[in-house]
Amino acid sequence: MRAYIWSLPTRVFHMMFAAFILTAYFSGDEDKLSTLHVSFGYAIGILVIYRIIWGFVGPSYSRFSDFSLHVKELKESVLNIFNHKKYAGHNPAASFVMITMFAVVLLTVITGILTYGIQEGRGILSFLNTPYFKEMKLFKEIHEFFSTFLMVLVALHVSGVIFERVMDKETDTLGSIVNGHKNIDAPSVTLNLFQKIFSLLALGAAMDVLLYSLFFNSVLTRSHYSPISYQKENSAFVAECGSCHTLYPPSLLPRASWSKMMDNLEDHFGEDASLDEATRVSIKEYLMKNSAESSTKESAFYILESIKGNQDIIAITQTPYWKKRHAEIDKSIFSRNEIKSKANCKACHSDIEKGMIEDMNIKIPKIKA
Ligand code: HEC
Ligand code: HEC
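This one's a predicted model, so the numbers in the text were calculated from it and none came from an experiment.

### Details of the environment of Ser 235
Point 1. Relative to the elements of secondary structure, Ser 235 occurs in helix 10 (residues 235–241).
Point 2. Taking the C-beta count within 10 Å as the criterion, Ser 235 has 12 such neighbours and is therefore assigned exposed.
Point 3. As a C-alpha pair, Ser 235 and Ile 283 span 48 residues in sequence and 9.2 Å in three-dimensional space.

### Regarding the environment of Asp 172
Point 1. Within the secondary structure, Asp 172 is located in the loop between helix 6 (136–167) and helix 7 (173–179).
Point 2. Note on Asp 172: 18 C-beta atoms within 10 Å, which makes it partly exposed.
Point 3. Taking the C-alpha atoms as reference, Asp 172 lies 9.0 Å from Ile 184; in sequence the two are 12 residues apart.
Point 4. Every residue in contact with Asp 172, bar those within four places of it in the chain, is listed here: Lys 182 and Asn 183.

### A word on the site of ligand 2
Point 1. Close to ligand 2 lie 25 residues, the nearest being Asp 31, Ser 299, Arg 325, Cys 345 and Cys 348.
Point 2. Elements represented by at least two residues in the shell around ligand 2 include exactly helix 13 (298–306) and helix 15 (331–334).
Point 3. Looking at the shell around ligand 2 residue by residue, the class counts come to 13 nonpolar, five polar and seven charged.
Point 4. Lining the shell around ligand 2 are residues from two domains, each supplying at least three of them: domain 1 (2–215) and domain 2 (230–361).

### Considering the site of ligand 1
Point 1. Around ligand 1 there are 16 residues in total, and Cys 241, Cys 244, Phe 269, Ile 316 and Ser 341 lie nearest to it.
Point 2. A per-class count over the shell around ligand 1 returns nine nonpolar, five polar and two charged.

### Looking at the domain arrangement of the chain
Point 1. On domain assignment, one finds that the chain holds domain 1 (2–215) and domain 2 (230–361).
Point 2. One C-alpha centre belongs to domain 1, the other to domain 2, and the line joining them spans 44 Å.
Point 3. Each side of the interface is counted separately: domain 1 has 11 residues, and domain 2 has five residues.
Point 4. Partitioned by chemical class, the residues of the side of domain 1 that touches domain 2 number two nonpolar, six polar and three charged.

About the criteria used
- Sequence positions are assigned chain by chain, starting from 1 and proceeding in written order.
- The naming scheme follows written order: chains are lettered A onward, ligands numbered 1 onward.
- With pLDDT at 70 or above as the cut-off, local features in this predicted model cover only qualifying residues; side-chain atom pairs require 80 or more to be listed or tallied, and sums for whole chains, interfaces and linings still use all residues.
- Numbering of helices and strands starts at the N terminus; helices are DSSP runs of H or I of at least 4 residues and strands are runs of E of at least 2.
- Here the C-beta atoms are placed from the backbone, and a residue counts as buried if at least 20 other C-beta atoms lie within 10 Å of its own, exposed if 12 or fewer do, and partly exposed otherwise.
- It is the C-beta atoms, placed from the backbone, that decide contacts: two residues are in contact if theirs lie within 7 Å.
- We call a residue near a molecule or strand when its C-beta atom, built from the backbone, sits within 6 Å of it.
- Throughout, the ten residues Ala, Val, Leu, Ile, Met, Phe, Trp, Tyr, Cys and Pro are labelled nonpolar, Asp, Glu, Lys and Arg are labelled charged, and all others, Gly among them, are labelled polar.
- Domain start and end points were adopted from an automatic or database domain assignment.

As structure tokens, then:
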């Protein structure tokens, strides 16, 4: 007998959930893709909330009350793994995996939004950057822990489906993912009007949030930092320090480094960059006041952390954090005519002279033909 088990909204949800989670997972490590990553993250948040509500108001097999969450049943089905009882909805193992998965997805999304706010100063929780930036690493690590855990659950889930396929081709669990039908003796589901409207609105909202976050500069992705006008803050700094190279934001080096550099301008990386005393003092004070210690930005925080105990460094490009973040860029790229030196930050970071290093403004110049 053939029975309709998974209604259309359940199947559409499943497809979106799987595709969005994989996209978010594989874009997580790429800075350039952070808007994409976060946009899918928000949409996943809507989907998982929908699915949790659906677990109470959805059709029978989608309800949590239909899940077999009894350790005894789980044991039984594992012991009789090659000859287990048939379940129209989720079998005990799948039920446990599903419930854990929904909880882990929810935690991944929440910690993701927290990390985005605290570390990047972006998104709906960007206001948490100022009070909690010192914890950015912790939140990032918790988020990564949950996302890895999630992938383990996904792997378990997929293995479960493959196992069913091999053991029990007849029921056609795999096909039911697409067409909703299983070959099993059980009552079919039907949806009422409320369930249809609720699903349409919720799944539509997930799509809307995704597109809105991707294509509009909104509260979902906006940064709480604003560009800095160094010209206004200290015009001598711009005139004297921006003439030979990129105007390096003061927040990219600690106080000690600026102090050391500004006390030895006669021998500045092999050049004489000396200034009259009044200008030198003014710039030195400006740099020290706005050094990495006074910034809540991700780059400042990690640069400081990476050179703890070694503040003799006076080049940003010598800091372990800078080296790590640029390790994947081939050395030959830095010597291109369009770039020339790795210290030429503005060739790749078009907003750096406004004190910003936004992920979407990173662009490696192409070789001109
Ligand atoms: C006469 C030219 C000149 C002037 C003026 C000058 N610099 Fe430099 N600076 C250099 C050179 C050359 C380098 C080495 C760049 C390289 O490695 O390609 C350098 C490197 C640096 C670096 C290290 C960049 C890195 O590799 O991370 C910092 C920071 C820096 N300068 C700050 C300043 C500041 C602050 C001022 C203003 C007080 C200043 N510079 C003025 C020529 C100059
Ligand atoms: C050849 C191009 C290039 C140059 C030159 C370059 N960068 Fe980068 N930078 C990149 C790329 C690409 C990334 C992103 C790497 C990634 O995705 O992890 C990056 C990442 C960074 C980051 C981390 C981004 C973040 O979210 O905070 C910082 C900070 C940074 N660069 C600072 C600098 C500074 C300062 C200089 C100059 C001293 C510089 N970069 C020079 C290409 C460049």
